[in-house]
Amino acid sequence: AIHSLTVTSRDNLELSHDNQAAEFLIDAVRLGKTARTRMWAAAGLQRLLADIYDTEDGRYDSNVRRIYNAEPTRVEAEIIIEDLVRMIKENRVKKTTPRERWPTYIQRSASDQTTIEAWAAAAAVSTIAQSESFHSKFRKAGAFEAVCSLKSSPDGLERSQALAAISSLDYDCEADSGGEEL
């Protein structure tokens, strides 16, 4: 069910929105018992929030803004930010990580290695960060340092998602001596 949210399908996305899938996915990221569940939940959350829809007034907007305008979900978003950043910090591929444990190369039989989580967490960060109202929460949780560190991952999937998150956060890792946003 979680995996179906990562598939580009209008029916999947509309059904997910109608059934409050964002709240389910947030819970799965936070409480999932396996790395595979947490990874697919983060990837599904990114896909669900990146969905573009036509608003009543005819403007296009992101579901980040639609979903997080609801106060209970906004509180959950603040909680999930810390979990996503933790997933990046604790589970990223390091230079010493054997290649068969990298998300790009991992085999299905080994897919409960925690090293599969960071790329999906960074993808979710990149989408949630499209709403600037969360940038201070990301800063407080240490997201800027986490995604800048992930940018140097030997795994291409992690690097690409880190770059997307850095872009959404409007952050310059190289100019980080003062820790200022662009």
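Residues numbered from 1 in each chain as written. Predicted model: local features only at pLDDT ≥ 70, side-chain atom pairs only at ≥ 80, totals over all residues. Heavy atoms only, no water.

**Here's the deal with the overall build of the protein chain**
Looking only at helices and strands, the protein chain features nine helices and two strands. Within the protein chain, the proportion of its 182 residues that are buried is 47%. The long-range share in the protein chain, meaning contacts at least 24 apart out of those at least 6 apart in sequence, stands at 65%. (Helix = DSSP H or I, 4+ residues; strand = E, 2+ residues; numbered from the N terminus. Buried < 20%, exposed > 50% of the residue type's maximum accessible area, 1.4 Å probe, protein only. Contact = heavy atoms within 4.5 Å.)

**Concerning the environment of W40**
Within the secondary structure layout, W40 lies in helix α3 (residues 35-50). What makes W40 partly exposed here is its relative accessible area of 26%. Considered as a pair, W40 and I116 are 76 residues apart in the sequence and their alpha carbons are 9.4 Å apart.

**So, the packing of aromatic side chains**
Counted according to the given criterion, the structure contains two aromatic pairs. Ring geometry for W102 against Y105: centres 5.9 Å apart, planes inclined by 55°, an arrangement best described as tilted. The exposure class assigned to W102 is buried, which follows from its relative accessible area of 9%. With a centroid separation of 4.5 Å and 40° between ring planes, the pair formed by F144 and Y171 is classed as tilted. Of this pair, F144 sits in helix α8 (residues 143-150) while Y171 sits in the segment after α9 (156-168), and the two are 27 residues apart along the sequence. Each member of the pair, F144 together with Y171, is buried. Above the face of the F144 ring, R139 is positioned so that its terminal group lies 4.5 Å from the ring centre. (Phe/Tyr/Trp six-rings, centres within 6.5 Å; stacked < 30°, edge-to-face > 60°. Lys NZ or Arg CZ within 6 Å of the ring centre and 35° of its normal.)

**Quick word on unusual backbone geometry**
In this structure, D170 takes a positive phi of about 50° despite not being glycine. For D170, the location among the structural elements is in the segment after α9.

**With respect to the nonpolar core**
Residues L84, I88, F138 and L169 are the most contacted members of the largest nonpolar core, which totals 46 residues. For this core, the elements supplying multiple residues, two or more each, are α2 (21-31), α3, α5 (71-91), α6 (118-128), α7 (135-141), α8 and α9. Discounting residues that sit within four places of it in the chain, F138 has contacts with I81, V125, I128, A129, A143, F144 and L169. (Core = buried A, V, L, I, M, F, W, Y, C linked by side-chain atoms within 4.5 Å.)

**Notes on α2**
Every buried residue of α2 is listed here: A21, A22, L25, I26, A28 and V29. Mapping the buried residues of α2 onto a view down its axis gives an arc of 160°, with all of them on the same face. (Arc of directions from axis to C-beta.)

**Considering the confidence of the model for the protein chain**
Here the protein chain averages 78 in pLDDT, and 68% of its residues register 70 or above. Counting interchain partners and residues more than four positions distant, the pLDDT-below-50 stretch residues 67-72 has 13 contacts. Long-range and interchain partners of residues 177-182, a stretch whose pLDDT sits below 50, account for 13 contacts in this model, where long-range means more than four residues apart. (pLDDT = per-residue confidence, 0-100.)

**Examining the side chain of T115**
Here T115 lies in the loop between α5 and α6. According to the relative accessible area criterion, T115 is buried, its value standing at 5%. Reaching out from T115, the side chain makes a polar contact with the backbone oxygen of R101 at a distance of 2.4 Å. When residues no more than four places from it in sequence are discounted, the contact partners of T115 are N91, V93, T97, R101, P103 and E158. (Polar contact = N/O pair within 3.5 Å; in protein donor to acceptor, adjacent residues only side chain to side chain.)

**Re the packing of α8 against α9**
One way to put it is that α8 packs onto α9 with a least axis distance of 8 Å and a crossing angle of 145°. When you trace α8 past α9, the crossing you get is left-handed. Residues V147, C148 and L150 of α8 pack against E158, R159, A162, A165 and I166 of α9. (Axes fitted to C-alpha atoms, helices over the stretch in contact; angles between N-to-C directions. Left-handed = near helix turned anticlockwise from the far one by under 90°.)

**Section: the pattern of salt bridges**
All chains considered together, the criterion is met by five salt bridges. Between R30 and D83 there is a salt bridge whose closest N-O contact spans 2.8 Å. Of this pair, R30 sits in helix α2 while D83 is found in helix α5, placing the two residues 53 residues apart along the sequence. According to the relative accessible area criterion, D83 is buried, its value standing at 13%. With a closest N to O distance of 3.5 Å, R86 and D83 form a salt bridge. Of this pair, R86 and D83 both sit in helix α5, separated by three residues, roughly a single helical turn. Since its relative accessible area comes to 29%, R86 is described here as partly exposed. Salt bridges sharing common partners tie together R30, D83, R86 and E90. (Salt bridge = Lys/Arg side-chain N within 4 Å of Asp/Glu carboxyl O.)

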